[in-house]
Amino acid sequence: MGVEKNVTLLHEWHVENGATMALFGGYDMPLWYPQGIKAEHLGVIQSAGLFDTSHMAVVTVAGDEALTLLQKCFSKDLKRCLGKKKGPLVRGRSVYGLFLTPDGHVLDDAIVSQAAERFYMVVVNAGMGGIVAQHLVKYSAGLDVEIDDLTDRVGKIDIQGKNSARIVASVLKDSDSVMSAFPYFSFKGWYDDSLDIAGELCLKDGTPIMLSRTGYTGEFGFELFVGPEKLLSVWTMLLEAGKSYSLQPCGLAARDSLRAGAVLPLSHQDIGDWPFVHTPWPFAIADRDPAGAFSKEFVGSEALATLHSHEYTLPFAGYDPRKIVVSDRAHVVDEAGTNIGRILTCATDMAIGRVGEEIVSIAGDDTPDDFIPRGLSCGFLRVDRRLEAGDLVFLTDGKRKIKVEIREDVRPDRTARRPMREML
């Protein structure tokens, strides 16, 4: 008996255009297209790439006590989360965080966006819509709140790369006003008639969309939310508009290598059913005061405050493109050959290389003109001791062993946070 596979509404397009397909999160998704992973990865860094991300799930939380519920269940303090002054989440802004279990383990990571005063959209990973919705229902007893799992009812496309704004602007109605005052982790519009703001942002053909300045590559770009019936037309519209910028479709493999180089975790692989402590992503949790107390109580906060874990999740970068396939046989060893942990992610960022000991990007302003990136392996380790940036360890599968360096960051000169005025 075969494994049951879900498909997105772009599945037929992917197959017809030669994509290599594989199962991911219960969906048959493109890994790469005929141009290959390297071309797709470099395409995003040097211009722009288009990703089908409608396998991801959307959950809406509405009602007079919607904020109360999210404050209880979401790891970020939505009353203290925006900017250096830690302002509250407001309409048109988004924030990244986690849903935790009471023991401090990660149920899933998510982006929460406030669409109206009492209406929030929660974007979670493939196959997690129902699970996160039930988690919210569990903690909603006695609250005036409505939770709706919109799995497979929302079309979603990501366009990522430095030319994304130019391409999107070319298909937007009133693009000048839309693209002005558009900070990182903000959004405009709404994709259906569930709110009175529906239709305030449209493409030139009248399609209502929600346009979010977010993504999963570390590079400048957007996520577009549309009604499912418009997904294919918006996809083909963007590809046509992006021809002069060499916009190309990209699969999950390039998405993985880009996010690894940007030090972004994959839920259920780099974070998951173990305590969320000693990670590179403390910003996913509510702030702590000098005594270690969180700015609010939330599901899992008590466990995180009292846990004493000796396991550390750390980013790394290698010295060449070689990588070790993550498996039960693969592990991390120290210079003496002692097993000290396991590999969570190991990918190759093909836009970077080393000049001496320094990692540089093909897109860097100060990168030498003759620089040709070989690519570097990178990803995340989970080890049984504290290591510092610059420390060396080895990845091995029993047959091969590669040296890697513990890093605070990997791919330099990323563009995700650059002001909109620089990207138009």
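For the structure itself, look to the data block above.
So, a few notes on the structure that sits alongside this text. Note that the structure is a prediction, hence the values are computed from the model and not measured. Along every chain, residues carry numbers that run from 1 in the direction the sequence is written. Reporting of local features is limited, given that this is a predicted model, to residues whose pLDDT is at least 70; pairs of side-chain atoms are given and counted only at 80 or more, and all residues count toward the totals for whole chains, interfaces and linings. With hydrogens and water excluded, all non-hydrogen atoms of the structure serve as input to the side-chain values.

1. Structural notes on the environment of Met350
Heads up, the condition is: Each helix is a run of H or I in the DSSP string that is no shorter than four residues. Each strand is a run of E no shorter than two, and both are numbered from the N terminus. With a 1.4 Å probe rolled over the protein chains alone, any residue whose accessible area is under 20% of its type maximum counts as buried; one over 50% counts as exposed, and the rest are partly exposed. Contacts were defined at the residue level, with two residues in contact if any of their heavy atoms lie within 4.5 Å.
With respect to the element layout, Met350 can be found in the loop between strand S16 (339-349) and strand S17 (352-355). For Met350, a relative accessible area of 13% gives the class buried. Residues in contact with Met350, not counting those within four places in the same chain, are Ile37, Lys38, His41, Leu42, Ser257, Pro373 and Gly375.

2. Brief notes about the environment of Gly49
Relative to the assigned elements, Gly49 resides in strand S3 (residues 49-52). Linking Gly49 and Cys250, residues 201 residues apart in sequence, is a C-alpha distance of 5.9 Å. Setting aside chain neighbours within four positions, we find Gly49 in contact with Val44, Asp158, Ile159, Gln160, Leu247, Gln248 and Cys250.

3. Here's the deal with a negative patch on the surface
Note the threshold: What goes into a patch is any residue over 30% in relative accessible area without a salt bridge, connected to like charges within 9 Å or, for nonpolar side chains (Val, Leu, Ile, Met, Phe, Trp, Tyr), within 5 Å. For accessible areas, the Shrake-Rupley method is used with a probe of radius 1.4 Å. Any residue's cover is judged against the shown protein chains and nothing else. By salt bridge we mean one thing: a side-chain nitrogen of Lys or Arg within 4 Å of a carboxyl oxygen of Asp or Glu. Working convention for charge: Lys and Arg count positive, Asp and Glu count negative, and His plus the chain ends are omitted. Charge positions come from single atoms, namely NZ of Lys, CZ of Arg, CG of Asp or CD of Glu.
A cluster of like negative charges, contributed by Glu358, Asp365, Asp366 and Asp413, occupies part of the molecular surface. Mapped onto the fold, Glu358 is located in strand S18 (residues 358-361). Judged by relative accessible area, which is 52%, Glu358 ranks as exposed.

4. Quick look at the packing of helix H5 (residues 164-171) against helix H7 (residues 231-241)
Convention followed: Axis definition: a line fit to C-alpha positions, over the contact stretch in the case of helices; interaxial angles, taken between N-to-C directions, run 0 to 180 degrees. Note: crossing handedness is left-handed where the near helix turns anticlockwise from the far helix by less than a right angle, and right-handed where it turns clockwise. The classification used treats Ala, Val, Leu, Ile, Met, Phe, Trp, Tyr, Cys and Pro as nonpolar, Asp, Glu, Lys and Arg as charged, and all other residues, Gly among them, as polar.
The N-to-C vectors of H5 and H7 enclose an angle of 115 degrees; their axes lie 9 Å apart at closest approach. Taken as a pair, H5 and H7 cross one another with a handedness that is right-handed. Mapping the contact onto sequence places Ile167, Ser170 and Val171 in H5 and Met237, Leu238 and Ala241 in H7. Classifying every residue of the contact of H5 with H7 gives five nonpolar, one polar and no charged.

5. What about the packing of helix H2 (residues 37-46) against helix H8 (residues 252-261)?
The following threshold applies: Should an angle fall under 35 degrees it is taken as roughly parallel, and over 145 as roughly antiparallel, whereas 65 to 115 is taken as roughly perpendicular and any remaining angle as oblique.
Closest axis-to-axis distance for the H2/H8 pair is 9 Å, and the angle between their directions is 55 degrees. Judged by the angle between their axes, H2 and H8 are oblique. H8 is crossed by H2, and the crossing has right-handed handedness. Contacts from Ile37, Glu40, His41, Val44 and Ile45 of H2 reach H8 at Ala253, Ala254, Ser257 and Leu258. Residues belonging to the contact of H2 with H8 are distributed by class as follows: six nonpolar, two polar and one charged.

Keep in mind these numbers describe shape, not what the thing actually does.
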